[in-house]
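Spelled out, the chains give:
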Amino acid sequence: LKNIYFRYPDSSKYVLENISLDIPKNKSIAIIGPSGSGKSTLLNIFLGFIKPTKGTIEADQIQVLDYIREWQKIIGFVPQDIFLIDDSIKSNIAYGINESDIDELRVWKALELAQLDVFVKDLPDGLDTNVGERGVRISGGQLQRIGIARALFNDPDILVFDEATSSLDNETEMEITKSIENISIEEGVLSYSI
Ligand code: ADP
Ligand code: MG
């Protein structure tokens, strides 16, 4: 990210001012800062959901904001609040794909990486179990793991979390953090404060 500035259209105040950072390939980085400091805004810019007022994002030498659709295809995003549809676990992982077109092996792979495969194997109808409003009760940690499996289903090159564990108790947060570390190819967390 190079010299990113951002202000919301209805506001004169800049939320982000001259943010530059390098994210090395195969590394984990954490953006740290108090509530309201602009972490989600920065992620939404990175994800191409909103355009920076000024500044660029480059991957290798490519201006990714000129290729938003392609860029988004290689990113998996785990939002702060995971939204479940009133449907099977399979459809919740392979989000937006017709039930009959879903590659179940890929769903299992994503569940395994998110460490949810044992839980799903024990459900009465396995992958076809309804986990929506009218389905089985799931815990906060399991909900986060569904969000992670959903993000991993498309085999992304980049995985982005927006406070993926903030709503969880400490123990569950540690377990999820461990799972996330296992997913990444290389260890090592760099942190940036904003
Ligand atoms: P964080 O994720 O670090 O808590 P945010 O990026 O959500 O911070 O918010 C940064 C600032 O931008 C806050 O002052 C917030 O009130 C403001 N903000 C967030 N979303 C909007 C929006 N859609 N319109 C106007 N202001 C917003
Ligand atoms: Mg936020």
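This section reports on the structure supplied with the text. In this text, all values refer to a predicted model and were calculated from it rather than measured experimentally.

Calculation notes
Residues numbered from 1 in each chain as written. Chains lettered and ligands numbered in written order. Predicted model: local features only at pLDDT ≥ 70, side-chain atom pairs only at ≥ 80, totals over all residues. Heavy atoms only, no water. Core = buried A, V, L, I, M, F, W, Y, C linked by side-chain atoms within 4.5 Å. Buried < 20%, exposed > 50% of the residue type's maximum accessible area, 1.4 Å probe, protein only. Helix = DSSP H or I, 4+ residues; strand = E, 2+ residues; numbered from the N terminus. Contact = heavy atoms within 4.5 Å. Salt bridge = Lys/Arg side-chain N within 4 Å of Asp/Glu carboxyl O. Near = heavy atom within 4 Å. Polar contact = N/O pair within 3.5 Å; in protein donor to acceptor, adjacent residues only side chain to side chain. Areas by Shrake-Rupley, 256 points an atom, 1.4 Å probe, with all protein chains shown as cover. Nonpolar A, V, L, I, M, F, W, Y, C, P; charged D, E, K, R; others polar. Pairing = 2+ DSSP bridges. Axes fitted to C-alpha atoms, helices over the stretch in contact; angles between N-to-C directions. Arc of directions from axis to C-beta.

As for the nonpolar core
Then, in step 1: Among the nonpolar cores identified, the biggest contains 26 residues, and Ile89, Ile93, Val107, Leu111, Val120 and Ile148 are the most heavily contacted of them.
Then, in step 2: Within the residue set of this core, elements represented by two or more residues are helix H3 (89-93), helix H4 (104-113), helix H6 (140-152) and helix H7 (170-183).
Then, in step 3: It is H6 that provides the largest number of residues to this core, a total of five residues.
Then, in step 4: With residues near it in sequence (within four places) discarded, isoleucine 89 still touches Val120, Gly126, Leu127, Asp128, Thr129, Val131 and Ile146.
Then, in step 5: Counting 16 residues, the second largest nonpolar core, distinct from the first, contains Leu1, Phe6, Leu21 and Val160.

Here's the deal with the pattern of salt bridges
Where charged atoms from two side chains of opposite charge approach closely, those side chains can pair.
Then, in step 1: Under the criterion given, the structure shown has four salt bridges.
Then, in step 2: Of the charged contacts in the structure, one is a salt bridge between glutamate 104 and lysine 90, with a shortest N-O distance of 2.9 Å. Of this pair, glutamate 104 sits in helix H4 while lysine 90 sits in helix H3, and the two are 14 residues apart along the sequence.
Then, in step 3: The partner of lysine 90 in a salt bridge is aspartate 128, and the shortest N-O contact between them spans 3.3 Å.

Looking at the site of ligand 1
Then, in step 1: The immediate surroundings of ligand 1 are formed by Tyr8, Asp10, Val15, Pro34, Ser35, Gly36, Ser37, Gly38, Lys39, Ser40 and Thr41.
Then, in step 2: The side chain of serine 40 places a nitrogen or oxygen atom 2.9 Å from an oxygen atom of ligand 1.
Then, in step 3: Protein contacts shield 57% of the accessible area of ligand 1, which totals 560 Å² for the unbound molecule.
Then, in step 4: Of the residues that constitute the shell around ligand 1, the class distribution is three nonpolar, six polar and two charged.

Regarding the sheet that holds strand S4 (residues 54-56)
Then, in step 1: With antiparallel pairing, three strands are arranged side by side in an open sheet as S2-S1-S4. Both outer strands of the open sheet, strand S2 (16-19) and S4, are each paired with one neighbouring strand and no more. Taken pair by pair, the neighbouring strands of this sheet meet at an average axis angle of 20 degrees, ignoring direction.
Then, in step 2: When strand S1 (residues 2-6) meets S4, the two strands line up antiparallel, connected through two bridges. Residue lysine 2 lies in a different strand from S4, and its bridge partner there is threonine 56.
Then, in step 3: The sheet contacts of helix H1 (residues 39-46) involve S1 and S2, and relative to S2 the element is tilted by about 60 degrees.

Observations regarding H4
Then, in step 1: Residues Val107, Ala110 and Leu111 constitute the buried set of H4. For H4, the angular spread of buried residues about the axis comes to 100 degrees, placing them on one side.
Then, in step 2: Those residues of H4 hidden inside the fold are in contact with H3, helix H5 (117-121) and H6.
Then, in step 3: Structurally, the start of H4 carries an N-cap: the backbone nitrogen of leucine 105 is 3.1 Å from a side-chain oxygen of aspartate 103.
Then, in step 4: In the stretch just after H4, glutamine 115 is the one whose phi turns positive, near 55 degrees.

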